[in-house]
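# Per-entry structural report
Chain by chain, the residues:
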Amino acid sequence: MFLKKLKLTNFRNYADFEQEFNTLKTIIIGPNAQGKTNILEAINILATSVSDRAERDSNLVSWNNEYALIFADIQTKDDNLNIALQINSSGRRKLKINGVAKRAPQADLLGNFFCVMFSCEDLYLIKGSPSVRRSWLDSILFQLDIKYHKALQDYQKSVTQKNALLKNSYESGMSRKALKEQLDIWNEQIINFGSEILIKRLGFIEEIKVVAREFQKNISKGNEELDLIYQSTVTGITSNIDQMKISFKKSLEESFEKEIARGQSVIGPHRDDLTFLINEKEAKSFASQGQQRSIVLALKLSELKVIEHRKGEIPVLLLDDVFAELDESRQDFLLHNLPPNIQTFITTTHISDIQKELLENAKVIKIESGKVLNLVG
Amino acid sequence: MKYTKPLLKLIEQFQRFPGVGPKSAERMAFHLINQEMSQLEEFSKAIIEAKTQIKKCSICQNLSSNDPCEICTNYERDKTTICLVSESKDLAAIDRADFKGLYHVLGGLISPIDGIGPDNLTIKELIGRLGKDDIKEIIVALDSSTEGEATTLYLHRILSPLCNRITRLGFGLSVGAELEYADELTLSRALESRTLIS
């Protein structure tokens with residue numbers, strides 16, 4: 001995939017941004033807090049439909065404006081793709097793809113454009129909270145599988161309703177029998193959507209695990225064996241959907257009293273986690289700073305491979321200020337393991353952080369307070 | 001510039017309407033004050049009359065000016081089939097589709113987040129009807145949302161000891177739709193609920 005043109009209007013601190021890209025590498029340079037990352041964020045939204053930074057859509061619209069626009073001209077393997085996304089400060093969205101208005105602006109955006117974002121935040125993947133790892137899984141699966149997005153949306157709605165029911169029952173002193181009857185109807189949907197989510201997550205992990213293991217072995221010169229294990233709150237997870245539903249149901253039944261006592265839904269993919277092992281030891285507790293960086297690097301490279309493999313398109317790579325975090329050997333490893341014709345966007349505060357090799361044939365954009373200063377190179 | 005107080009009050013009244021934002025509320029308020037006095041009197045009379053004359057049918061819980069309503073008292077309708085809907089407006093929609101049986105309006109969908117549980121729906125009234133009349137089929141016609149789905153499941157559990165045949169609306173392609181324009185999810189539901197060609 002190749003992003004040929006990007007236009008932003010009232011997006012974050014950009015009143016008006018328009019750039020055409022005709023080199024594989026684009027380097028966005030400028031001091032901190034000038035809006036470099038905002039450009040990558042806009043590109044990432046086109047692929048995942050969600051922002052990795054904004055809590056709500058209104059944060060994406062520049063202050064005092066009603067809406068923000070993202071326009072993109074994209075070259076896919078055998079076609080042209082044009083995306084126009086309008087994000088209203090009210091939280092509503094409008095979407096046109098190749099000039100055709102779409103009915104579901106969130107879901108219909110997915111599956112058109114693919115990218116992999118690698119930022120400093122990703123270093124928390126190993127030691128951060130489980131929610132960081134779940135959002136990582138979700139952001140990739142959104143791109144890979146449209147049905148995953150819908151299942152997750154419906155799943156979350158059912159969990160919200162179930163939590164409200166658990167809370168209300170406590171306040172209103174509802175009888176156990178009535179509560180059980182009503183929990184059942186939400187649990188049935190939670191089991192159906194939740195099992196679909198679990199199956200898709202497991203399938204993805206099985207796939208990325210193999211690739212990531214190979215990268216990790218190469219970065220560590222054969223010393224480190226990486227493993228990924230999905231830790232589910234559901235006991236007895238399997239790759240068979242009917243079996244999964246039975247396991248899910250059993251886990252919910254066993255936690256019935258616990259959920260009532262906590263007043264919260266505690267079983268299901270919204271509470272699951274992912275563990276990384278290095279040589280059979282948990283990376284969360286044992287990995288050094290350097291090893292953590294290697295794992296994240298291996299995961300990001302694998303993410304690229306899996307998307308390319310499943311979608312038949314090389315995703316666009318977004319590197320947000322990561323070179324300051326990677327030493328020379330890891331930078332080298334990253335550069336030499338990318339597909340040769342991958343389009344890359346790189347943000348940095350100092351051009352000196354970036355290897356010379358990357359600067360060759362790169363387009364450089366200088367940013368200051370949401371404006372493009374001048375073009376070099 | 002700020003609007004004068006009576007105008008502001010009128011705008012606020014409109015803003016309380018479902019789906020009406022500040023701009024539409026303004027437009028409606030201006031439209032009203034530009035009307036003739038006689039027109040406005042007719043309008044306010046219509047509001048009061050609607051509120052005072054519309055009752056709930058004590059049988060099917062539909063909005064009606066008579067109790068029992070025109071549908072429940074109509075001898076030509078099939079009294080052995082009962083269609084469950086969430087709101088009166090859904091009843092109107094099903095009736096336009098030439099359904100000839102009886103209805104029951106539940107008055108909403110189960111949604112704990114809005115504080116609506118089964119006790120807030122007219123399920124007791126429905127069970128009372130099933131005891132009295134000879135109902136052979138219950139058709140559950142609710143939204144295809146998580147709340148609609150949860151309510152359908154609940155009703156199925158509560159009603160299955162009372163009625164042998166409980167059905168729900170089918171899922172699939174909209175009539176006249178071209179296959180290539182149908183979204184994936186609709187199509188996969190349509191595949192699941194495919195039927196034999198008779």
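Cut-off values and rules
Residues numbered from 1 in each chain as written. Chains lettered and ligands numbered in written order. Predicted model: local features only at pLDDT ≥ 70, side-chain atom pairs only at ≥ 80, totals over all residues. Heavy atoms only, no water. Helix = DSSP H or I, 4+ residues; strand = E, 2+ residues; numbered from the N terminus. Rg over C-alpha atoms; globule rule 2.2 N^0.38 Å. Buried < 20%, exposed > 50% of the residue type's maximum accessible area, 1.4 Å probe, protein only. Contact = heavy atoms within 4.5 Å. Areas by Shrake-Rupley, 256 points an atom, 1.4 Å probe, with all protein chains shown as cover. 1 Å grid on protein atoms, 1.4 Å probe; cavity = no way out; pocket = protein on both sides within 12 Å on 5 of 7 lines; lining within 4 Å. Points joined across faces, edges and corners; volume = space filled by probe spheres on them. Nonpolar A, V, L, I, M, F, W, Y, C, P; charged D, E, K, R; others polar. Phe/Tyr/Trp six-rings, centres within 6.5 Å; stacked < 30°, edge-to-face > 60°. Lys NZ or Arg CZ within 6 Å of the ring centre and 35° of its normal. pLDDT = per-residue confidence, 0-100. Domains from an automatic or database assignment. Pairing = 2+ DSSP bridges. Axes fitted to C-alpha atoms, helices over the stretch in contact; angles between N-to-C directions. Disulfide = S-S within 2.5 Å.

A count of helical and extended segments in chain A gives 11 helices and 15 strands. The C-alpha atoms of chain A give 22 Å as radius of gyration, which agrees with the globular expectation for 377 residues (21 Å, within 12%). Here the C-alpha coordinates of chain A stretch approximately 70 × 55 × 40 Å along the principal axes. Scored against the burial criterion, the 377 residues of chain A give a buried share of 52%. Sequence-distant contacts, at least 24 apart, represent 71% of the contacts inside chain A between residues at least 6 apart. Carbon and sulfur atoms provide 47% of the accessible area of chain A, an area that totals close to 17200 Å².

It is worth spelling out the layout of surface pockets at this point. All names here are of chain A. Within this model, the second largest pocket holds a volume of roughly 860 Å³. Of all the secondary structure elements, the ones that give two or more residues to the lining of the second largest pocket are helix H1 (36–48), strand E8 (115–119), helix H2 (124–127), helix H3 (130–144), helix H4 (146–172) and helix H9 (289–311). Take the lining of the second largest pocket: its biggest share by element is 10 residues, from H3. Looking at the lining of the second largest pocket residue by residue, the class counts come to 16 nonpolar, 13 polar and 13 charged.

Two descriptors summarise a pair of aromatic rings, namely the distance from one centre to the other and the angle between the planes of the rings. Residue and element names in this part refer to chain A. All told, the structure shown has 8 aromatic pairs over all chains when counted by the stated rule. Ring geometry for Trp136 against Phe204: centres 6.2 Å apart, planes inclined by 65°, an arrangement best described as edge-to-face. Placement of Trp136 in helix H3 and of Phe204 in helix H5 (residues 176–219) is noted, with a sequence separation of 68 residues between them. An angle of 85° between the planes, with centres 6.3 Å apart, marks the rings of Phe215 and Phe333 as edge-to-face. Here Phe333 lies in helix H10 (residues 328–336) and Phe215 lies in helix H5, a separation of 118 residues in the sequence. The pair formed by Phe215 and Phe333 is uniform in burial state, with each residue classed as buried. Taking NZ or CZ as reference, Lys180 lies 5.8 Å from the ring centre of Phe256, over its face.

Another aspect to go through is the confidence of the model for chain B. For residues with low pLDDT, the predicted coordinates do not support detailed interpretation. Scored by pLDDT, chain B comes out at a mean of 91, with 99% of its residues at no less than 70. Scored by ipTM, the complex comes to 0.76, with pTM at 0.86.

In this section: the domain arrangement of chain B. Once the domains are mapped, chain B shows domain 1 (5–53) and domain 2 (74–196). Placing a centre on the C-alpha atoms of domain 1 of chain B and another on those of domain 2 of chain B gives a separation of 35 Å.

Below, the discussion takes up empty space enclosed by the protein. The final tally for this structure, using the stated rule, is 1 cavity of 30 Å³ or more. It is H9 of chain A that contributes the most residues to the lining of the largest cavity, 4 residues altogether.

Okay, the sheet that holds strand E9 (residues 226–231) of chain A next. All names here are of chain A. Taken in spatial order, the 3 strands make up an open sheet running E9-E10-E11, and their pairing is antiparallel. Each edge of the open sheet is held by one strand with a lone partner, namely E9 and strand E11 (281–282). Across 6 bridges, the pairing between E9 and strand E10 (residues 273–278) is antiparallel. Among the inter-strand pairings, Asp227 is bridged to a residue of E10, identified as Leu277. The strands that H3 touches are E9 and E10; relative to E10, the one it contacts most, it runs at about 95°. Packing against the sheet, H9 makes contact with E9 and E10, and its axis sits at approximately 115° to E10.

Attention shifts here to the state of the cysteines. Residues and elements named next belong to chain B. One pass over the structure, following the stated rule, counts 0 disulfides over all chains. No disulfide involves Cys69; its sulfur sits 3.7 Å from that of Cys60, the nearest cysteine. Unpaired in terms of disulfides, Cys163 finds its nearest cysteine sulfur in Cys83, a separation of 13 Å. By relative accessible area, Cys163 is classed as buried at 5%.

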